[in-house]
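Here is what each chain is made of, one letter per residue.
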Amino acid sequence: MAWEDKSIFFYQKFIERFPKDPKVPAIRMSLVELYLGRELYGNAVRLHAAHVEDTKVSKGDRIESALAIMAIEERYGDAKYAIWGASKAREISGQDPIIVARVVSFDARRASKSGDINKIRQLEASLSKLNVKERGVTESLAQLRFLLAEKQAIETKQEIFNLAQTDPLKTLTGQYGIFLKTQAAYDRVCAAGTTTYCGLAMLRLSESTRNSLTSIENLSIAQTLDEKTVRAFENQKLSVINAFSKAAARADSIALGISEKGETTPEWSQEIVVNNTDSNLERSHGATGSGYVQWMPINVDQ
């Protein structure tokens, strides 16, 4: 019998025979590690659950066990047990903001999988209000904001498609206003902090900008109209095209910088590099001489 097998056997026997012994909590956690090492997640969760319900265990350790159940069951097991762990963590912590933020992050991951956009909006607002800067919480906040930005981008395409073409100047102004909403939505992803989603958000913003730019370039006005009206339209169109080009260059610059720092996933990083390689839009040059705009954190109201 291997050393681990013997340890598991004797630890389990000790817990069963002497449940009130003061050594039990420590032995319980040692046994959890052994079970996790063997990928016996159900056994580990049962011990964590006993730890959660053991009032002789410190409050902090009970919370950690509850969060461990949430994490293990979310990844390997049953959602209802993960929810139980999440609820216990909130209850034992007395609604501590950091613990609540971790639990809301768990709820956010579930909502993201289900695509419940109303739930996503509610959770995004909750996480923003808590203002917890833990990396896992920030990542969940960015994920929620990214999903909302993707929704906004879809709505933007539809709004632009639905714009009446009877007044080209009004249509041009309307398209630009609609685009600004999408830009703001993607910028809020990066405003959450350093996360893997910022680079992806800037990539999608760049793509959305190019789509909108194509639509703007296709707008025209009847040359038979009076010269003042035609000139006003052409000047406004050129101004909007320049604004869109700068927005795309900025988004490309931020995305590429994040990719080079390794702050996003390998798959998204590759997509960013390909996008920048294929881009024919004019890029703005910053003082660094790198050919890209120096990125500064975006100040967006939470």
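Residues numbered from 1 in each chain as written. Predicted model: local features only at pLDDT ≥ 70, side-chain atom pairs only at ≥ 80, totals over all residues. Heavy atoms only, no water.

### Comments concerning the overall build of the protein
Here is step 1 of the chain: Helices and strands together make up the secondary structure of the protein, namely twelve helices and zero strands.
Here is step 2 of the chain: Walking the protein from its N terminus toward its C terminus, one meets helices and strands in the order α-α-α-α-α-α-α-α-α-α-α-α.
Here is step 3 of the chain: Contacts in the protein between residues at least 24 apart in sequence constitute 60% of all its contacts with a sequence separation of at least 6.
Here is step 4 of the chain: Carbon and sulfur atoms provide 53% of the accessible area of the protein, an area that totals close to 16500 Å². (Helix = DSSP H or I, 4+ residues; strand = E, 2+ residues; numbered from the N terminus. Contact = heavy atoms within 4.5 Å. Areas by Shrake-Rupley, 256 points an atom, 1.4 Å probe, with all protein chains shown as cover.)

### Things to note about the confidence of the model for the protein
Here is step 1 of the chain: Summing up the model confidence of the protein, the mean pLDDT is 86 and the portion of residues at 70 or higher is 89%.
Here is step 2 of the chain: Contacts from residues 280–302, a stretch scored under 50 in pLDDT, to residues over four places away or in other chains number 36 contacts. (pLDDT = per-residue confidence, 0-100.)

### Let's talk about the state of the cysteines
Here is step 1 of the chain: A full pass over the atoms with the stated rule returns one disulfide.
Here is step 2 of the chain: With a sulfur-sulfur separation of 2.0 Å, cysteine 190 is cross-linked through a disulfide to cysteine 198. One disulfide, between cysteine 190 and cysteine 198, carries an S-S torsion of 100° and so falls in the right-handed class.
Here is step 3 of the chain: On the basis of relative accessibility, which here comes to 5%, the residue cysteine 190 falls in the buried class. (Disulfide = S-S within 2.5 Å. Buried < 20%, exposed > 50% of the residue type's maximum accessible area, 1.4 Å probe, protein only.)

### A look at the nonpolar core
Nonpolar side chains tend to gather and get buried jointly when the protein is soluble and globular.
Here is step 1 of the chain: Leu127, Phe146, Tyr186, Val189 and Met202 are the most contacted members of the largest nonpolar core, which has 47 residues in total.
Here is step 2 of the chain: Within the residue set of this core, elements represented by two or more residues are helix 6 (97–114), helix 7 (117–130), helix 8 (135–162), helix 9 (168–191), helix 10 (197–217) and helix 11 (227–261).
Here is step 3 of the chain: Per element, the largest residue contribution to this core is eleven residues, and it comes from helix 11.
Here is step 4 of the chain: Beyond its immediate chain neighbours, meaning those up to four positions away, phenylalanine 146 contacts Tyr186, Val189, Tyr197, Leu200, Ala201 and Arg204.
Here is step 5 of the chain: If you look at the next biggest cluster of nonpolar residues, it comprises 16 residues, including Val52, Ile63, Ala66 and Leu67. (Core = buried A, V, L, I, M, F, W, Y, C linked by side-chain atoms within 4.5 Å.)

### Digging into the packing of helix 4 (residues 59–76) against helix 6
Here is step 1 of the chain: Running from amino to carboxyl end, helix 4 crosses helix 6 at an angle of 10°, the nearest separation of the two axes being 12 Å. In terms of orientation, helix 4 lies roughly parallel with respect to helix 6. In this structure, helix 4 uses Ile63, Glu64, Leu67, Met70 and Glu74 to contact helix 6, whose residues at the interface are Ile99, Arg102, Val103, Phe106 and Arg109.
Here is step 2 of the chain: Partitioning the contact of helix 4 with helix 6 into residue classes produces six nonpolar, no polar and four charged. (Axes fitted to C-alpha atoms, helices over the stretch in contact; angles between N-to-C directions. Parallel < 35°, antiparallel > 145°, perpendicular 65-115°, else oblique. Nonpolar A, V, L, I, M, F, W, Y, C, P; charged D, E, K, R; others polar.)

### Focus: unusual backbone geometry
Here is step 1 of the chain: Of note in this structure, glutamate 39 is not a glycine but carries a positive phi near 60°.
Here is step 2 of the chain: Following the sequence through the fold, glutamate 39 ends up in the loop between helix 2 (24–37) and helix 3 (41–53).
Here is step 3 of the chain: What makes glutamate 39 exposed here is its relative accessible area of 55%.
Here is step 4 of the chain: For glutamine 95, which is not glycine, the phi torsion reads 65° and is therefore positive.
Here is step 5 of the chain: Its location among the elements puts glutamine 95 in the loop between helix 5 (79–93) and helix 6.

### Overview of helix 4
Here is step 1 of the chain: Taking 1.5 Å per residue, 18 residues should reach 26 Å; helix 4 reaches 26 Å between its end C-alpha atoms and fits that length.
Here is step 2 of the chain: Within the span of helix 4, buried status applies to Arg62, Ile63, Ser65, Ala66, Leu67, Ala68, Ile69, Met70, Ile72 and Glu73.
Here is step 3 of the chain: Looking at the packing, one finds that the buried side of helix 4 touches helix 2, helix 3, helix 5 and helix 6. (Expected span 1.5 Å × (residues − 1).)

### Section: the packing of aromatic side chains
Here is step 1 of the chain: All chains considered together, the criterion is met by eight aromatic pairs.
Here is step 2 of the chain: Here phenylalanine 146 and tyrosine 197 contribute two aromatic rings whose centre-to-centre distance is 5.8 Å and whose plane-to-plane angle is 45°, an arrangement assigned as tilted. Remark: tyrosine 197 occurs in helix 10 and phenylalanine 146 occurs in helix 8; sequence separation between them is 51 residues.
Here is step 3 of the chain: Between the aromatic rings of tyrosine 176 and phenylalanine 244, the centroid separation amounts to 5.8 Å while the plane-to-plane angle is 35°, which identifies the pairing as tilted. Of the two residues, tyrosine 176 is situated in helix 9 and phenylalanine 244 in helix 11; the sequence distance between them amounts to 68 residues. (Phe/Tyr/Trp six-rings, centres within 6.5 Å; stacked < 30°, edge-to-face > 60°.)

### With respect to the pattern of salt bridges
Here is step 1 of the chain: Scanning the model with the defined rule gives 16 salt bridges in all.
Here is step 2 of the chain: For lysine 88, the salt bridge identified is with glutamate 53, shortest N-O distance 3.6 Å. Of this pair, lysine 88 sits in helix 5 while glutamate 53 sits in helix 3, placing them 35 residues apart in sequence.
Here is step 3 of the chain: Across the pair arginine 102 and glutamate 134 runs a salt bridge whose closest N-O atoms are separated by 2.8 Å. In this pair, arginine 102 is assigned in helix 6 and glutamate 134 in the loop between helix 7 and helix 8, connecting sequence segments 32 residues apart.
Here is step 4 of the chain: Note on arginine 102: relative accessible area 26%, which makes it partly exposed. (Salt bridge = Lys/Arg side-chain N within 4 Å of Asp/Glu carboxyl O.)

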